[in-house]
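Chain by chain, the residues run as shown.
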Amino acid sequence: DDDDDGDGDLSSDDGAEAEQGVTRRVRVEVTYDTFEEVFWPLIVGKTKPSAQHRSFDKLRAMATAKDLKEKVRKCAMKPSIVFTEVVSYIKGSSDALDSEGGRLSREAYLALGKKAAPTFAKEEADGGGGRAQVYDYFLRYEAWLAACGAYDVMDACFHIYSALRKRGGYDGPRIDEVYVDEVQDFVQAELRLFMEVCHDRNSLFFTGDTCQTIARGVGFRFEELTCMFYQVAEAQRKELEARGVAPNQVPKSQLICVPEVSKLSVNYRTHNGILGAASELVAMLLQLFPHSVDALQRDRGHFEGPKPTLLTDTTADDLSILLCGSDPNNSQIEFGAHQVVLVRSQASKKRLPVELESALVLTIFEAKGLEFDDVFIFDFFADSPADEKTWRVVTSILLQQQEASMQSEVHGEKQAIAKTAPRAEAFDKQKHSLLCEELKMLYTAITRARVKVVIYDQDKSKRAPVFHYLLTRRLAQVFDSSQSSSGLVARSTQEEWRRRGKNLFENKLYTHAVFCFVKGNDERRTLLALAYSLYVEARNADASASSGALGSSSDKLLRAALCFASLGQHTHAISCLRRAGEYELAADAYGKLGQQARRARMLELAAAKEAGRGKHLGLLRLCASAWEGTGNLLKSMAVRASHPELRREAAEMLERADDESFLRACLPKLEDAKMYDEALQICDRLQLAERAKGFARQSA
């Protein structure tokens, strides 16, 4: 009756060890966090990679050196800017896919127009400024990737694209149409892959909001997407022309057309009270970073509603009154399933006031694509990577607006606010480049709400410019504890919590789904979400390549396996056991399911893992018997022939066998095991004189 048995984030084949052997080196995928934490200090510090740097633990330790930290602090270039330039343009553009090695040359990157890569102006590129420096950083980054065997998502993308080209195109199950939501989280190269695998190259549907481009490393606009289609269409036209093929001779499904862009301006989720503040953030983006978002009409809602509330006094009493109201009998803080606290990072969750600990707490990244009635934004500015001076640019925008409207004085409430206006900072595109990401992040947070938004921030200096701007423009209201009779918190039923849990589970936010299912008193779904949560945590630990993390990942996988097994999801349980390297337990589980061939393979891996230890021989015997039980006598014999103490058993199998094809198939296995006498006996029985001579020579 639900999605309880859905695959979630787990594949039944995940953890397949490959028959080549048990030990495999984990290659690290570089995310933005890894780039900033590990690679950026090494890049800025100009540390040169070598063969001794293949251990990721060593790289992490190197990156924490005091001298490198100081160089990072003094570096004018921000890691987020460099990562975006690399992922979105140097390696992630459509042109990069068609370039040697899947990356733009220095010349091609420097020649990009301002609209194509808007972070740096063309003159900066020509003058050897920003872009030239970025490309130097990129080369150092690539050198480190090669040294430690790591890769990023664009390397994977180019690998897939190259494989498709070598095979003459996509030849998998036919895909007639592709629909992509949250398209702003993709770079051109990834979107190009959708075009490559879709049977009808014009049956692609993309939807998204460029103001919500908060995925690290992604710079997206619909204008760039249409440009990509135009370039690919032009390349196709020239190719057809060179072959002497007219466009009308090509099936319409294969002829690439530039898609139309439909602009939607009616917001069905949020009311005008919230949209007023959100639209103002978009206006700031268009003024400061005109090529970072698509220019659209202002969003409008179907009804009015309360403006965002700013909590200017951050005392515990004021917070309690905001949440529970002024009634002293209503002092228990219990958030509902339609309310959320948004924070900047996982670390921010640990610093929450006790009054907010009972709420569902998500990072802004986790909340993207979700919606709630009430959104409580905690310490957005306090935890912002942008400094106070960067935020002061917002005040300079306000002053420019006032000058433009010839309002030298303001009246009433505005006049009082103007006297306490924070100092303005003149805008410098490169120095204040982080503001683009920050405004998009704040826009995304605010627009998660359907009814109410509350912004609570403990850094008075960093919050001041935006608070002042919103209040001066009458786009927000200050919380007044003396006039608050009813609180913000609203309790939910267990059914509402269960629905929220399913929503979060479907979005692969398993840890938060556990929280909701517990509130909803749903034991089965709690256990299921916990199993997936443990699995994902273990997988992420594997990806980090830290020795400590790898140890804890095995424990998490075992716990996940127990959860899956208790739910009767044995395939998932076995997948966890295999990934944890618990092959003997996986073999037992396969045996109970009656899957003897898989049981035999697991026993073989378990034996390899125990090589040189006491259990090794016993596991090999079990493995040989398991293969014999499946009717695969050849594998059974080969397992026995692989160990000196079991070769007598292998010889006895051969003596009992009378199937000629089986005996012939055994000869190479016997040769590998150097069981020449047994091979000679088979040759005599089958009258294989020439083969017998060869074995006789080897035996001698």
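Residues numbered from 1 in each chain as written. Predicted model: local features only at pLDDT ≥ 70, side-chain atom pairs only at ≥ 80, totals over all residues. Heavy atoms only, no water.

1. Focus: the overall build of the chain
Next up, step 1: When its secondary structure is counted, the chain shows 33 helices and eight strands.
Next up, step 2: Here the chain holds 700 residues, and 48% of them are scored as buried.
Next up, step 3: For the chain, long-range pairs separated by at least 24 residues make up 72% of all intrachain contacts whose partners lie at least 6 apart in sequence.
Next up, step 4: Entry remark: accessible area of the chain is about 33,900 Å², with carbon and sulfur atoms responsible for 50%. (Helix = DSSP H or I, 4+ residues; strand = E, 2+ residues; numbered from the N terminus. Buried < 20%, exposed > 50% of the residue type's maximum accessible area, 1.4 Å probe, protein only. Contact = heavy atoms within 4.5 Å. Areas by Shrake-Rupley, 256 points an atom, 1.4 Å probe, with all protein chains shown as cover.)

2. Remarks on unusual backbone geometry
Next up, step 1: Of note, the phi angle at N521 is positive, near 55 degrees, even though the residue is not glycine.
Next up, step 2: Phi is positive for K674, close to 60 degrees, though the residue is something other than glycine.
Next up, step 3: On the basis of relative accessibility, which here comes to 62%, the residue K674 falls in the exposed class.

3. Concerning the side chain of E496
Next up, step 1: Residue position: E496 is located in helix α21 (residues 494-506).
Next up, step 2: One buried charge, E496, has no salt-bridge partner; the nearest side chain with opposite charge is R499, at 4.6 Å.
Next up, step 3: When neighbours within four sequence positions are excluded, E496 is seen to be in contact with A337 and H338. (Lys, Arg positive; Asp, Glu negative; His and termini not counted. Salt bridge = Lys/Arg side-chain N within 4 Å of Asp/Glu carboxyl O.)

4. Regarding the environment of Q401
Next up, step 1: Examined against the element boundaries, Q401 turns out to sit in helix α17 (residues 393-404).
Next up, step 2: Leave out the neighbours within four places in its chain, and Q401 touches E280, Y469 and R473.

5. Overview of the sheet that holds strand β7 (residues 449-456)
Next up, step 1: Across the sheet, which stays open at both edges, the six strands sit in the order β5-β4-β6-β7-β3-β8 with parallel pairing between neighbours. In this open sheet, the two edge strands, each paired with only one partner strand, are β5 (361-363) and β8 (477-478).
Next up, step 2: Of the strand pairs in this sheet, strand β3 (residues 309-311) and β8 are connected by two bridges, and their pairing is parallel. Along β8, the bridge assignment pairs L310 with V478.
Next up, step 3: Contacting β4 (339-343), β6 (372-378) and β7, helix α19 (residues 434-446) crosses the sheet at an angle of about 145 degrees to β6.
Next up, step 4: The sheet contacts of helix α20 (residues 460-472) involve β3, β7 and β8, and relative to β3 the element is tilted by about 145 degrees. (Pairing = 2+ DSSP bridges. Axes fitted to C-alpha atoms, helices over the stretch in contact; angles between N-to-C directions.)

6. Details of the pairing of β7
Next up, step 1: Where β3 meets β7, three bridges bridge the pair, whose relative direction is parallel. For T309, the partnering residue across the bridge sits in β7 and is V454.

7. Some words on the confidence of the model for the chain
Next up, step 1: The predicted model of the chain averages 86 in pLDDT, with 88% of residues at 70 or higher.
Next up, step 2: pLDDT under 50 marks residues 123-128. Its contacts with residues more than four places away, or in other chains, come to six contacts. (pLDDT = per-residue confidence, 0-100.)

8. Overview of the packing of helix α1 (residues 32-44) against helix α8 (residues 130-148)
Next up, step 1: Interaxial distance between α1 and α8 falls to 9 Å at its minimum, and their mutual angle equals 115 degrees. When the axes of α1 and α8 are compared, the crossing they make is right-handed. For the pair formed by α1 and α8, the contact residues are F35, F39, W40, L42, I43 and V44 on the first element and Y137, R140, Y141, W144, L145 and C148 on the second. (Left-handed = near helix turned anticlockwise from the far one by under 90°.)

9. Some points on the pattern of salt bridges
Next up, step 1: If you walk through the whole model with that rule in mind, you get 41 salt bridges.
Next up, step 2: Here the salt bridges do not stand alone but share partners, grouping K91, R103, E142, D152 and D155 into one network.

10. Brief notes about the environment of L557
Next up, step 1: Within the secondary structure, L557 is located in helix α24 (residues 547-566).
Next up, step 2: Judged by its relative accessible area of 0%, L557 falls in the buried class.
Next up, step 3: For the pair L557 and E582, spaced 25 residues apart in sequence, the C-alpha separation works out to 9.7 Å.
Next up, step 4: Leave out the neighbours within four places in its chain, and L557 touches Y535, A538, C576, R579 and A580.

11. Topic: helix α4 (residues 79-90)
Next up, step 1: The element α4 is extensively covered by neighbouring structure, given that twelve of its twelve residues are classed as buried.
Next up, step 2: All buried positions along α4 are accounted for by P79, S80, I81, V82, F83, T84, E85, V86, V87, S88, Y89 and I90.

12. Side note on the pairing of β4
Next up, step 1: With five of five residues buried, β4 lies mostly within the body of the structure.
Next up, step 2: The two faces of β4 match: Q339, V341 and V343 on one face and V340 and L342 on the other face are all buried.
Next up, step 3: Relative to β6, β4 is paired through four bridges, and the arrangement is parallel. Opposite L342, over in β6, you have I377 as the bridge partner.

13. Quick notes on the packing of aromatic side chains
Next up, step 1: Throughout the structure, instances matching the rule amount to 23 aromatic pairs.
Next up, step 2: Each ring, one from F378 and one from Y456, has its centre 5.6 Å from the other, and the planes form 15 degrees; the classification is stacked. Of this pair, F378 sits in strand β6 while Y456 sits in strand β7, placing them 78 residues apart in sequence.
Next up, step 3: Note on Y456: relative accessible area 3%, which makes it buried.
Next up, step 4: Here the aromatic rings of F505 and Y532 are separated by 5.3 Å at their centres, their planes lie at 75 degrees, and the arrangement is edge-to-face. In this pair, F505 sits in helix α21 while Y532 sits in helix α23 (residues 523-544), placing the two residues 27 residues apart along the sequence. (Phe/Tyr/Trp six-rings, centres within 6.5 Å; stacked < 30°, edge-to-face > 60°.)

14. Topic: the packing of α1 against helix α3 (residues 66-74)
Next up, step 1: Packing of α1 against α3 leaves a shortest axis separation of 9 Å and a crossing angle of 85 degrees. On the basis of the axis angle, α1 is roughly perpendicular to α3. Of α3, the residues touching α1 (which contributes W40, P41, L42 and V44) are L68, K71 and V72.
Next up, step 2: In terms of residue class, the contact of α1 with α3 is built from six nonpolar, no polar and one charged. (Parallel < 35°, antiparallel > 145°, perpendicular 65-115°, else oblique. Nonpolar A, V, L, I, M, F, W, Y, C, P; charged D, E, K, R; others polar.)

15. Structural notes on the side chain of S492
Next up, step 1: The residue S492 is located in the loop between β8 and α21 in this model.
Next up, step 2: At 2.7 Å, the side chain of S492 and the backbone nitrogen of A337 are in polar contact.
Next up, step 3: When near neighbours in sequence (up to four residues on either side) are disregarded, S492 contacts G336, A337, H338 and W497. (Polar contact = N/O pair within 3.5 Å; in protein donor to acceptor, adjacent residues only side chain to side chain.)

16. Topic: helix α28 (residues 616-630)
Next up, step 1: Its 15 residues place the ends of α28 21 Å apart at the C-alpha level, agreeing with the 21 Å of an ideal helix rising 1.5 Å per residue.
Next up, step 2: Every buried residue of α28 is accounted for by H616, L617, L619, L620, C623, A624, A626 and W627.
Next up, step 3: For α28, the elements touching its buried residues are α26 (583-592), α27 (596-609) and α29 (633-641).
Next up, step 4: G631 occupies a position one or two residues after α28 and carries a positive phi of about 90 degrees. (Expected span 1.5 Å × (residues − 1).)

17. Details of the environment of Q569
Next up, step 1: By the secondary structure assignment, Q569 is in the loop between α24 and α25 (570-579).
Next up, step 2: Its relative accessible area of 8% is what places Q569 among the buried residues.

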